[in-house]
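# Observations on chain architecture
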Amino acid sequence: GLVATNLNLKAGECVKVKGDVAPGAKSFVLNLGKDNANLCLHFNPRFDIHGDVNTIVCNSKDEGVWGKEQRETAFPFLPGSPAEVCVSFDQTELTVKLPDGQAFKFPNRLNLDAINYLAAEGDFKIKCVAFE
């Protein structure tokens, strides 16, 4: 997967990730935060894995320890189709915009004032990462 560091994404800015969901996709992950052990957002759309079907599972990781999972029922991802996710944040929460225009909030549990780390893995081929 892709790993990007030293992003220096500030509060109010957005990282937009565009790509293609693999045909037969089971799940993919976008991780955002300070580094791999400190994630303000673990974004994990699950098509059919770990007992979840068409569910987005979000979490945070603080010094390597996972927080409480948050599940979202909105699921605008289709295997074999393009998708775009846009994440912006402030001191209290992250806003995730989904491909169909829906959005949801996730608490900024680490109180990060900058996001320096982005990693992607799983059944998603990234075509473009943009900062706005």
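For the structure itself, consult the block above.
This text gives an overview of the structure that appears in the document. (Residues numbered from 1 in each chain as written. Predicted model: local features only at pLDDT ≥ 70, side-chain atom pairs only at ≥ 80, totals over all residues. Heavy atoms only, no water.)

### A look at the pattern of salt bridges
Condition: Here a salt bridge means any side-chain nitrogen of Lys or Arg lying within 4 Å of a carboxyl oxygen belonging to Asp or Glu. Numbering of helices and strands starts at the N terminus; helices are DSSP runs of H or I of at least 4 residues and strands are runs of E of at least 2. Only protein chains enter the accessibility calculation, which uses a 1.4 Å probe; a residue is then buried when its area is under 20% of its type maximum, exposed when over 50%, and partly exposed in between.
Overall, the coordinates contain eight salt bridges when judged by the stated rule. Ionic pairing is found between Lys18 and Glu84, a salt bridge with its closest N-O pair at 3.7 Å. Placement of the pair is Lys18 in strand β3 (residues 14-21) and Glu84 in strand β9 (residues 82-89), with a sequence separation of 66 residues. On the accessibility criterion, Glu84 (31% relative accessible area) is partly exposed. A salt bridge links Asp20 to Lys127, with the nearest nitrogen and oxygen atoms 2.8 Å apart. Taken as a pair, Asp20 in strand β3 and Lys127 in strand β14 (residues 124-131) lie far apart in primary sequence, 107 residues in all. Owing to a relative accessible area of 26%, Asp20 belongs among the partly exposed residues under this scheme. What you see here is one network of salt bridges that share partners, running through Lys16, Lys18, Glu84 and Glu132.

### A closer look at the packing of aromatic side chains
Put simply, the test is: The rule is short: rings of Phe, Tyr and Trp, with Trp giving its six-membered ring, pair when the centres are within 6.5 Å, and they are stacked under 30 degrees, edge-to-face over 60, tilted in between.
Counted according to the given criterion, the structure contains seven aromatic pairs. One aromatic cluster is present, formed by Phe28, Phe43, Phe47, Phe75, Phe77, Phe104 and Phe124 through successive ring pairs.

### Structural notes on the state of the cysteines
Stated formally: Cysteine sulfurs are considered disulfide-paired once they come within 2.5 Å of each other.
In this structure the tally under the stated criterion is one disulfide. Across a sulfur-sulfur distance of 1.9 Å, Cys14 and Cys86 are joined as a disulfide pair. Here the residue Cys14 occupies a position in strand β3, and Cys86 occupies one in strand β9, the gap between them amounting to 72 residues. The pair Cys14 / Cys86 is uniform in exposure class, with both members buried. In this structure Cys40 is a free cysteine whose sulfur lies 11 Å from that of Cys58, the closest cysteine sulfur available. Look at Cys40 and you get buried, because its relative accessible area is 1%.

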